[in-house]
Amino acid sequence: MSYLAKNYNRKKISFVRGKGSYLYTVSGIKYLDFVQGIAVNCLGHAHPKLVETIKKQSKKLWHVSNAFQIPEGEKLAKKLCQKTFADYVMFQNSGAEATEAAIKIARRYFYSIGKPNKTRILCVKNSFHGRTIAAIFASGSKKMTEGFGPRVPGFDHFSFGDHKSLKKKITKNTAAIMVEPIMGEGGINVIPDFCLRELRKLCNKKKILLILDEVQCGISRSGDFLAFEKSKIFADIAPIAKGIGGGFPIGAVLMNKKVAACMTPGTHGSTFGGNPLAMAVGNTVMDIVSTKQFLRNVKKSSKYFLSNLNKLKEKYPKIIKEIRGRGLLIGIQLYKDQTKFIKKLMDNKLLTIRAADHVVRILPPLNVKKKEIDQALKIINKVCTEHK
Ligand SMILES: *Cc1c(COP(=O)(O)O)cnc(C)c1O
């Protein structure tokens, strides 16, 4: 019997070891891991540079309170600011904490400029911003909020792509619009660049803030360091997490100086957030994944993967409805429920994960090799052949 709570429907499989794109079971069976902890292990399993960093830092210093200076955190924050729109960074431990902190910053900003009525956050219906009590109500998903009332006030919703309702839902009490540039859990829906640009303009016009949740699509996953960079706009606030720790839990909020000014001493804190061990790992991840060469390779792998998946779509037009995504955040949308398909892929030693909308989500490590993509394509082709 298991003493773990039953809040997951776990597959009956466990791993003892991982190396790069592969996972190994106790009995040595090898799986091609194109989940990577849901976009977390951006450099695959047991990357030698990350192993080295953990080893070195674990002998020096793991944790000190944020009451003291943490040079490793200073370094990582500087790198993040130099690479992005951000002027300041606030470290957390997870994605949900980062999105919640983003909401706090938006509200506190308006409070600090004498507009305390502006508290409401406008989000996409059935989006995903994490599982804390506020974040589930930000998602506007019935499934996630059921039984967790009373409803947390302060969130409004519009449907993905419905520009009219988006504009209508902005009121004098709106503080910010919060969206994922590429919806991950929601089914790999990419917000087109021109929409992001319109969104930015709208926020400027209405004098509200734009929060872009980069927890899943950020950290080079899309082929750009942050997914919204492609549209040439800036966010005011951007929560990040998943990829930045390469498997070590790190979250952070990136923000511009306009909003950062409201976060004065005592306004927010986190016991674990930004500790030296986490920051050492984050620095190593950042040094690797933020280079032009690395990003170029992500784009190259993506192009190869997507074009071949589109060929499979043409080959199996009754099974595959659409190939979605950007970079190495990829979705195969099926016509039918994807559960069996994912199981078949797993039986053939390829690990993937579901997303909404009948989507099979594929998240290889960002340093995936061409021959590993070929192996995945071969398995997907085989499963399509056998799929009824
Ligand atoms: C995963 C995710 C979160 C929540 O991150 P956790 O680390 O699970 O709390 C928030 N936003 C988006 C877009 C995500 O994909």
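Calculation notes
- Residues numbered from 1 in each chain as written.
- Predicted model: local features only at pLDDT ≥ 70, side-chain atom pairs only at ≥ 80, totals over all residues.
- Heavy atoms only, no water.
- Helix = DSSP H or I, 4+ residues; strand = E, 2+ residues; numbered from the N terminus.
- Contact = heavy atoms within 4.5 Å.
- Pairing = 2+ DSSP bridges.
- Axes fitted to C-alpha atoms, helices over the stretch in contact; angles between N-to-C directions.
- Core = buried A, V, L, I, M, F, W, Y, C linked by side-chain atoms within 4.5 Å.
- Buried < 20%, exposed > 50% of the residue type's maximum accessible area, 1.4 Å probe, protein only.
- Domains from an automatic or database assignment.
- Parallel < 35°, antiparallel > 145°, perpendicular 65-115°, else oblique.
- Left-handed = near helix turned anticlockwise from the far one by under 90°.
- Nonpolar A, V, L, I, M, F, W, Y, C, P; charged D, E, K, R; others polar.
- Phe/Tyr/Trp six-rings, centres within 6.5 Å; stacked < 30°, edge-to-face > 60°.
- Lys NZ or Arg CZ within 6 Å of the ring centre and 35° of its normal.
- Near = heavy atom within 4 Å.
- Polar contact = N/O pair within 3.5 Å; in protein donor to acceptor, adjacent residues only side chain to side chain.
- Areas by Shrake-Rupley, 256 points an atom, 1.4 Å probe, with all protein chains shown as cover.
- Buried area = accessible area lost by both parts, 1.4 Å probe.
- Salt bridge = Lys/Arg side-chain N within 4 Å of Asp/Glu carboxyl O.
- Patch = residues over 30% accessible without salt bridge, like charges linked within 9 Å, V, L, I, M, F, W, Y side chains within 5 Å.
- Lys, Arg positive; Asp, Glu negative; His and termini not counted.
- Charge placed at Lys NZ, Arg CZ, Asp CG, Glu CD.

Novice: Please explain the side chain of Thr53 as it appears in this structure.
Specialist: Mapped onto the elements, Thr53 comes out in helix 2 (residues 48-60). With near-sequence residues (within four places) excluded, Thr53 lies in contact with Ala280, Val281 and Thr284.

Novice: What is the right way to look at the sheet that holds strand 17 (residues 359-362) in this model?
Specialist: In spatial order, the strands read 13-14-17-16; together these four strands make up an open sheet with antiparallel pairing. Two strands bound the open sheet, and with one partner strand each, they are strand 13 (320-326) and strand 16 (353-355). Along the sheet, successive strands turn relative to each other by an average axial angle of 30°, direction set aside.

Novice: Honestly, the nonpolar core in this entry has me stumped. Any pointers?
Specialist: The nonpolar side chains of soluble globular proteins are, as a tendency, buried together. With 80 residues, the main nonpolar core has Leu80, Ile177, Phe305 and Ile380 as its most contacted residues. Split by domain, this core shows at least three residues from each of two domains, domain 1 (15-47 + 295-386) and domain 2 (50-289). In this structure, Ala106, Phe155, Ile211 and Ala260 belong to the second largest nonpolar core, which totals 30 residues.

Novice: Just checking my understanding: could you explain the sheet that holds strand 15 (residues 350-351) for this structure?
Specialist: In a beta sheet, neighbouring strands pair by backbone hydrogen bonds and run either parallel or antiparallel. Read from one edge to the other, the open sheet built from four strands follows the order 1-2-3-15, with strand pairing classed as mixed. A single partner strand is all that each edge strand has here, and the edge strands are strand 1 (15-19) and strand 15.

Novice: Hey, could you run me through the packing of helix 11 (residues 292-315) against helix 13 (residues 370-386) in this one?
Specialist: Angle between the axes and distance between the axes are the two parameters that describe a pair of packed helices. Running from N to C, helix 11 and helix 13 point in directions that differ by 15°, and their axes come no closer than 11 Å. Considered as vectors, helix 11 and helix 13 are oriented roughly parallel to each other. Seen along the crossing, helix 11 lies across helix 13 with a hand that is right-handed. Between helix 11 and helix 13, the contacting residues are Ser301, Tyr304, Phe305, Asn308, Leu309, Leu312 and Lys315 on the first element and Lys370, Ile373, Asp374, Ala376, Leu377, Ile380 and Asn381 on the second. Residue composition of the contact of helix 11 with helix 13, by class: eight nonpolar, three polar and three charged.

Novice: Would you mind showing me how to read the packing of aromatic side chains here?
Specialist: Here the distance between the centres and the angle between the planes together describe a pair of aromatic rings. Overall, the coordinates contain four aromatic pairs when judged by the stated rule. Over the ring of Phe110 we find Lys118, and its NZ or CZ is 5.6 Å from the ring centre.

Novice: Sorry if this is basic, but what is going on with the packing of helix 12 (residues 339-347) against helix 13 here?
Specialist: Between helix 12 and helix 13, the shortest axis-to-axis distance is 10 Å and the interhelical angle comes to 125°. Here helix 12 is positioned oblique relative to helix 13, judged by the angle of their axes. Relative to helix 13, helix 12 is oriented so that their crossing is right-handed. Within the contact between the two elements, helix 12 uses Phe341, Lys344 and Leu345 and helix 13 uses Ile379, Ile380, Val383, Cys384 and Glu386. For the contact of helix 12 with helix 13, the residue count by class is six nonpolar, no polar and two charged.

Novice: I keep staring at the site of the ligand and nothing clicks. Help me out?
Specialist: All residues adjacent to the ligand are Ser94, Gly95, Ala96, Phe128, His129, Gly130, Glu180, Asp213, Val215, Gln216 and Lys242. Interatomic distance of 2.7 Å between a backbone N/O atom of Ala96 and an oxygen atom of the ligand. For the ligand, a nitrogen atom lies 2.8 Å from a polar atom in the side chain of Asp213. Relative to its unbound accessible surface of 380 Å², the ligand loses 82% to contact with the protein. For the shell around the ligand, a count of residues per class yields three nonpolar, five polar and three charged.

Novice: What is the right way to read the domain arrangement of the protein chain from this model?
Specialist: How big an interface is tends to be stated in terms of the accessible area lost upon association of its parts. By domain assignment, the protein chain separates into domain 1 (15-47 + 295-386) and domain 2 (50-289). Its C-alpha centre places domain 1 at a distance of 26 Å from the equivalent point of domain 2. Of the roughly 2500 Å² buried between domain 1 and domain 2 on both sides combined, carbon and sulfur atoms contribute 59%. When the buried area of domain 1 at its contact with domain 2 is split by residue, Leu295, Arg326 and Leu329 rank highest and sum to 31% of it. Joining domain 1 to domain 2, the criterion identifies two salt bridges. For the salt bridge of Lys299 with Asp224, the shortest nitrogen-to-oxygen distance reads 3.5 Å. Linking domain 1 with domain 2 are twelve residue pairs in polar contact (both at pLDDT 80 or more), by the criterion used here.

Novice: How should I be thinking about a positive patch on the surface in this particular structure?
Specialist: A grouping of Lys125, Arg151, Lys164, Lys168 and Lys169 is seen on the molecular surface, where their side chains present a positively charged patch. Mapped onto the elements, Lys168 comes out in helix 7 (residues 163-169). A relative accessible area of 73% means that Lys168 is categorised as exposed.

Novice: Any chance you could explain the pattern of salt bridges here in plain terms?
Specialist: Working definition: two side chains of opposite charge can pair if their charged atoms are close together. The final tally for this structure, using the stated rule, is twelve salt bridges. Across the pair Glu198 and Lys201 runs a salt bridge whose closest N-O atoms are separated by 3.3 Å. Note that Glu198 and Lys201 are positioned in helix 8 (residues 193-206) at a spacing of three residues, about one turn of the helix. Judged by relative accessible area, Glu198 falls into the partly exposed class, the value being 44%. Linked through salt bridges whose partners overlap, the residues forming this network are Glu322, Arg324 and Asp357.

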